[in-house]
Amino acid sequence: MADTLPAPTTDRMTVPPDPGSAPLATAQHQLDRAVEILGYDAGLHEVLSTPRRELRVAVPLRSDDGDVRVFTGYRVQHNISRGPAKGGLRYAPGVDIDEVRALAMWMTWKCAVVDVPYGGAKGGVTIDPHAHSAAELERVTRRYTSEISPMIGPERDIMAPDIGTDERTMAWVMDTYSVNRGFTIPAVTTGKPLAVGGSLGRPTATSQGVVHTARAALRDDGVDLSEVRAAVQGFGKVGSHAARLLYEAGTRVVAVSDQHGGVRRDDGLDVPALVEHVARTGRVTGFADADAVSNTELLALDVDLLVPAAVEGVIDATSAERVKARWVVEAANGPTTTEGDRVLAERGVVVVPDILANAGGVVVSYFEWVQANQAYWWTEGEIAERLEHRMLASHQAVAALARAESVTLREAAMTIGVRRVAEAHLIRGLYP
């Protein structure tokens, strides 16, 4: 149809996770390890692992040709001990309740690690956004928002973009919620366009956070970003900006990929030209003066820095054995399975975990929420400075704990996040 969205800048990949490495199993195992380190009892462990609220809704759509189809939507609030729930809205064909549960749990720890006063949530609709027109996606978004509206709000649950959604989606959510309340409520979503209460710096915030933590991790080993070669799997909202920022920092970005495949050039890709190529064609493949590389091959390239910026479970036990990078900085949520994590740790690969590395988005979402509630807007420089400070301080705390306790960065980050959430729960007490 003429008004269909352009395909190809999504972060979603086609690399399937191996059996037994589902996101929820990975998230639960990470929590189990943190609880073991912290010495919590079974009751507190169960509280921390159990979602606070879950909602499943039917989302009927009258398509442009008049047919009616029904999609399934979800919203999960994992924990709200530290503040209102916060999390993205994902549109993808593979969305299911367990994936949303895992993503909501990771959001809980992520918010706590960077010390923003939120709990974790996530939402999703099982739909392929590239198979629908913009008008159809608007109708899906407005119906989904209406169905879950009793569960969301600026003081309850604040939505943001994720795979398959963008700032326009957040504007539709905000407008639908506001119309039903009778007045404009910008703080119900973050990641909105500037014209309706969005924040400067939000579109690139996740990528900025990835690069801040990558720089900090390398500096801990006496290495600068300008001295390394990097590969980025996933050239969507996060990966494309991360690749550009790394390129601007002097990193030689030798390979990138998206759901259609990848390109590599050993002496470094011209990332700005590649961004223009993707804007024209919707995919990285076919870029001039570059060789083809698959998503699986990209993970095993001879690089120093690997940035998985696509989807869950791409670094499993098998692919982890082939990783040659010294540092893996997780721009995606849950890109490394439990067994993949074990293999990387045994091989001495430094993994900067997702709940730290990609937390820049929720940090600036928090800034956007604060600005909307105050109706007072900060400059882009103020936001960039606050983001860098928050990311570097969080990395420093995680790295210090990892060194002190001889644990991995993931174990240290999980320990900090879980401890902060547990402390809030215990201080508040159990009602009734």
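Residues numbered from 1 in each chain as written. Predicted model: local features only at pLDDT ≥ 70, side-chain atom pairs only at ≥ 80, totals over all residues. Heavy atoms only, no water.

S.K.: Give me the lowdown on the overall build of the chain, citing residues and values where you can.
M.R.: Summing up its helical and strand segments, the chain has 15 helices and twelve strands in all. The C-alpha atoms of the chain give a radius of gyration of 20 Å, which matches the 22 Å a tight globule of 432 residues would have. A total of 432 residues make up the chain; the buried ones form 58% of that total. Within the chain, residue pairs in contact and separated by at least 24 positions form 70% of the contacts whose partners lie at least 6 positions apart. A total of about 17200 Å² of accessible surface is found on the chain, and carbon and sulfur atoms cover 50% of it. Positive and negative side-chain charges in the chain, numbering 44 and 56 respectively, have mean positions lying 4 Å apart. (Helix = DSSP H or I, 4+ residues; strand = E, 2+ residues; numbered from the N terminus. Rg over C-alpha atoms; globule rule 2.2 N^0.38 Å. Buried < 20%, exposed > 50% of the residue type's maximum accessible area, 1.4 Å probe, protein only. Contact = heavy atoms within 4.5 Å. Areas by Shrake-Rupley, 256 points an atom, 1.4 Å probe, with all protein chains shown as cover. Lys, Arg positive; Asp, Glu negative; His and termini not counted. Charge placed at Lys NZ, Arg CZ, Asp CG, Glu CD.)

S.K.: Outline helix α7 (residues 239–248), supporting the account with residue identities and numerical values.
M.R.: All buried positions along α7 are accounted for by Gly239, Ser240, Ala242, Ala243, Leu245 and Leu246. Those residues of α7 that are buried lie in contact with α6 (205–220), β6 (229–233), β7 (252–258), α8 (271–281) and β10 (305–308). One or two steps after α7, the chain reaches Gly250, where phi turns positive at roughly 95°.

S.K.: Before we move on, can you summarise the nonpolar core with the specific residues and values?
M.R.: In terms of nonpolar packing, the biggest core is built from 61 residues, with Leu48, Trp109, Leu246, Val256 and Leu274 touching the most fellow members. For this core, the element with the most residues is helix α15 (residues 409–428), which contributes eight residues. Those residues in contact with Trp109 that sit more than four places away from it in its chain are Leu31, Leu48, His78, Ile355, Met414, Gly417, Val418 and Val421. In this structure, Ala231, Val254, Ala255 and Val303 belong to the second largest nonpolar core, which totals 22 residues. (Core = buried A, V, L, I, M, F, W, Y, C linked by side-chain atoms within 4.5 Å.)

S.K.: Pulling in residues and values, what's your account of the side chain of Ser81?
M.R.: Following the sequence through the fold, Ser81 ends up in the loop between β2 (68–79) and β3 (85–92). Aside from chain neighbours lying at most four places away, what touches Ser81 is Val421, Ala424, His425 and Arg428.

S.K.: I'd like a description of the sheet that holds strand β8 (residues 261–264), backed by residues and values.
M.R.: The strand order β9-β8-β7-β6-β10-β11-β12 describes an open sheet built from seven strands, whose pairing is mixed. Strands at the two margins of the open sheet, each flanked by one partner only, are β9 (291–293) and β12 (350–352). Strand-to-strand twist of the sheet, defined as the mean angle between neighbouring strand axes without regard to direction, takes the value 20°. Bridge count for β6 against β7 is five bridges, and the pairing is parallel. Residue pairing for β7: Gln233 is matched across the bridge by Ser257. (Pairing = 2+ DSSP bridges. Axes fitted to C-alpha atoms, helices over the stretch in contact; angles between N-to-C directions.)

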